[in-house]
Amino acid sequence: MKRKNISIAIITISFFSCFFIKKNSFNKAEFLFPEIVNPKHNRPTKERVELGQKLFFDPILSIDSSLSCASCHKPNLAFSDDVAFSPGVYNRAGVRNAPSLANIGYHPYFLREGSIKTIEMQVLVPIQEENEFAHNIVDIAEQMKKNPEYVKMSKEAYGKSPDPYVITRALAAYERTLVSKNSKFDKFINGEIPLTKEEKQGFDLFMSNKTNCSSCHGGFNFTQYKITNNGLYENYKDEGRMRATKNNKDLALFKTPSLRNIELTAPYMHDGSLTTLEEVVEHYNTGGKNHIHKDSLIVPLNLNKNQKLDLVSFLKTLTDSSFVQDN
Ligand code: HEC
Ligand code: HEC
């Protein structure tokens with residue numbers, strides 16, 4: 001009789017501890033970085049990456065030679081910007097917040113609506129946009145041909161003089177080198193350092209089905225790239241994915257951003273309307289606004305003050321200061 005009671009107790013305890021561990025556990029492998037897949041037509045070489053890097057920082061790309069890619073994608077801000085809308089040439093107002101380019105080589109599609117399929121193709125967007133560079137890639141190639149250094153670099157990288165093929169390939173090859181995987185969180189995953197109690201509690205909350213954060217922002221790059229609606233507004237000024245597809249079902253859907261280096265990439269959301277991580281956490285805590293396309297995972301969370309602070313502490317472990325310094 002006694003023995004039976006003990007074994008029931010053991011079974012009960014192991015059942016509940018299993019349940020408890022499952023709720024807060026994570027699979028380490030989920031956070032390890034796979035190799036970047038480089039397209040066959042654009043294998044990275046030192047010459048290609050160097051040419052792309054030079055172009056990325058060169059205002060030759062904008063019509064009045066006033067802006068480079070780095071004007072809006074600033075290396076010290078993990079290749080994002082600190083204003084809601086970065087101004088384009090002649091101070092023309094932008095319409096979306098500039099996203100971070102950290103780990104961009106892993107994204108399956110580009111822009112906040114996910115409408116562009118490759119990084120190479122994405123290069124054409126800022127070049128042509130009236131409120132970004134307002135330029136023309138054929139004219140840029142002509143300008144580059146007048147510069148002996150660009151001609152030399154272009155021949156060494158792609159075996160030909162500067163042209164649209166070279167410009168788009170070289171910039172993309174450079175962008176794929178922007179890998180950020182040395183944050184405090186990565187060191188924790190590699191068993192090098194512990195997280196503080198608050199950070200660990202925040203991580204557990206992030207992974208739990210109480211918050212659902214990791215259902216959309218899970219995996220090594222802290223996004224599953226789901227194109228969805230997180231309930232920011234009842235009425236959006238920006239059509240989101242519908243801008244590209246013209247389909248009503250895509251109204252106000254945006255690509256889930258990576259949360260790596262999130263401490264450095266304020267302001268937040270497609271329009272930079274939230275300025276701090278505390279505001280972001282509060283947004284999710286309230287369950288957001290009622291939009292017809294709001295994802296069913298966005299619900300009131302009832303987090304207490306400490307839980308909100310813990311979540312923010314965890315998000316700050318995703319800052320990779322060596323990435324910011326080295327680039
Ligand atoms: C005037 C500011 C500005 C300049 C200059 C600029 N960008 Fe951007 N970039 C943005 C904004 C804003 C977005 C988001 C646009 C959207 O979603 O419609 C963006 C998006 C991107 C994306 C997609 C990111 C993602 O998460 O899908 C990439 C890649 C990118 N830019 C690379 C570049 C490169 C390369 C250059 C130079 C050739 C450049 N950008 C120049 C503001 C800028
Ligand atoms: C249903 C999917 C979903 C869930 C669940 C979710 N998010 Fe998001 N998150 C998004 C989308 C989509 C955006 C981009 C919205 C936009 O651009 O307006 C976003 C944006 C963010 C941003 C701003 C990123 C940036 O670069 O601007 C942060 C920070 C963030 N989420 C944190 C969280 C946290 C913390 C949780 C859990 C409390 C969470 N998210 C839950 C989908 C989700």
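Residues numbered from 1 in each chain as written. Chains lettered and ligands numbered in written order. Predicted model: local features only at pLDDT ≥ 70, side-chain atom pairs only at ≥ 80, totals over all residues. Heavy atoms only, no water.

1. Description of the site of ligand 1
In step 1: Ligand 1 sits among 24 residues. The nearest are Cys69, Cys72, His73, Leu111 and Arg112.
In step 2: Arginine 96 is positioned such that a nitrogen or oxygen atom in its side chain is 3.0 Å from an oxygen atom of ligand 1.
In step 3: Within the backbone of arginine 112, one N or O atom sits 2.7 Å away from an oxygen atom of ligand 1.
In step 4: For the shell around ligand 1, a count of residues per class yields 12 nonpolar, 6 polar and 6 charged. (Near = heavy atom within 4 Å. Polar contact = N/O pair within 3.5 Å; in protein donor to acceptor, adjacent residues only side chain to side chain. Nonpolar A, V, L, I, M, F, W, Y, C, P; charged D, E, K, R; others polar.)

2. Some remarks on the site of ligand 2
In step 1: Close to ligand 2 lie 20 residues; Cys213, Cys216, His217, His270 and Tyr284 are nearest.
In step 2: Here a nitrogen atom of ligand 2 and a side-chain polar atom of tyrosine 284 are 2.7 Å apart.
In step 3: Secondary-structure elements contributing two or more residues to the shell around ligand 2 are α11 (213–217) and α13 (277–286).
In step 4: Top element by residues in the shell around ligand 2 is α11. It accounts for 3 residues.
In step 5: Looking at side-chain class alone, the shell around ligand 2 contains 13 nonpolar, 6 polar and 1 charged residues. (Helix = DSSP H or I, 4+ residues; strand = E, 2+ residues; numbered from the N terminus.)

3. Considerations on the side chain of threonine 317
In step 1: The topology assignment puts threonine 317 in the loop between α14 (305–316) and α15 (321–326).
In step 2: Those residues within four positions of threonine 317 in sequence are excluded, and the remaining contacts are Ser183, Lys184, Phe185, Leu195 and Glu199. (Contact = heavy atoms within 4.5 Å.)

4. Things to note about the domain arrangement of the chain
In step 1: Under the domain assignment, the chain is made up of domain 1 (40–175) and domain 2 (184–326).
In step 2: When each unit is reduced to the centre of its C-alpha atoms, the spacing between domain 1 and domain 2 is 27 Å.
In step 3: If you look at the interface, domain 1 gives 27 residues, while domain 2 gives 25 residues.
In step 4: Between domain 1 and domain 2, a total of about 2100 Å² is buried, with carbon and sulfur atoms accounting for 54% of that surface.
In step 5: Together, Arg96, Arg112 and Glu113 form the three largest contributors to the area buried by domain 1 at its contact with domain 2, with a combined 27%.
In step 6: For the interface between domain 1 and domain 2, the tally reads 2 salt bridges.
In step 7: Taken together, domain 1 and domain 2 are joined by 10 residue pairs in polar contact (both at pLDDT 80 or more).
In step 8: Residue composition of the side of domain 1 that touches domain 2, grouped by class: 14 nonpolar, 8 polar and 5 charged. (Domains from an automatic or database assignment. Buried area = accessible area lost by both parts, 1.4 Å probe. Salt bridge = Lys/Arg side-chain N within 4 Å of Asp/Glu carboxyl O.)

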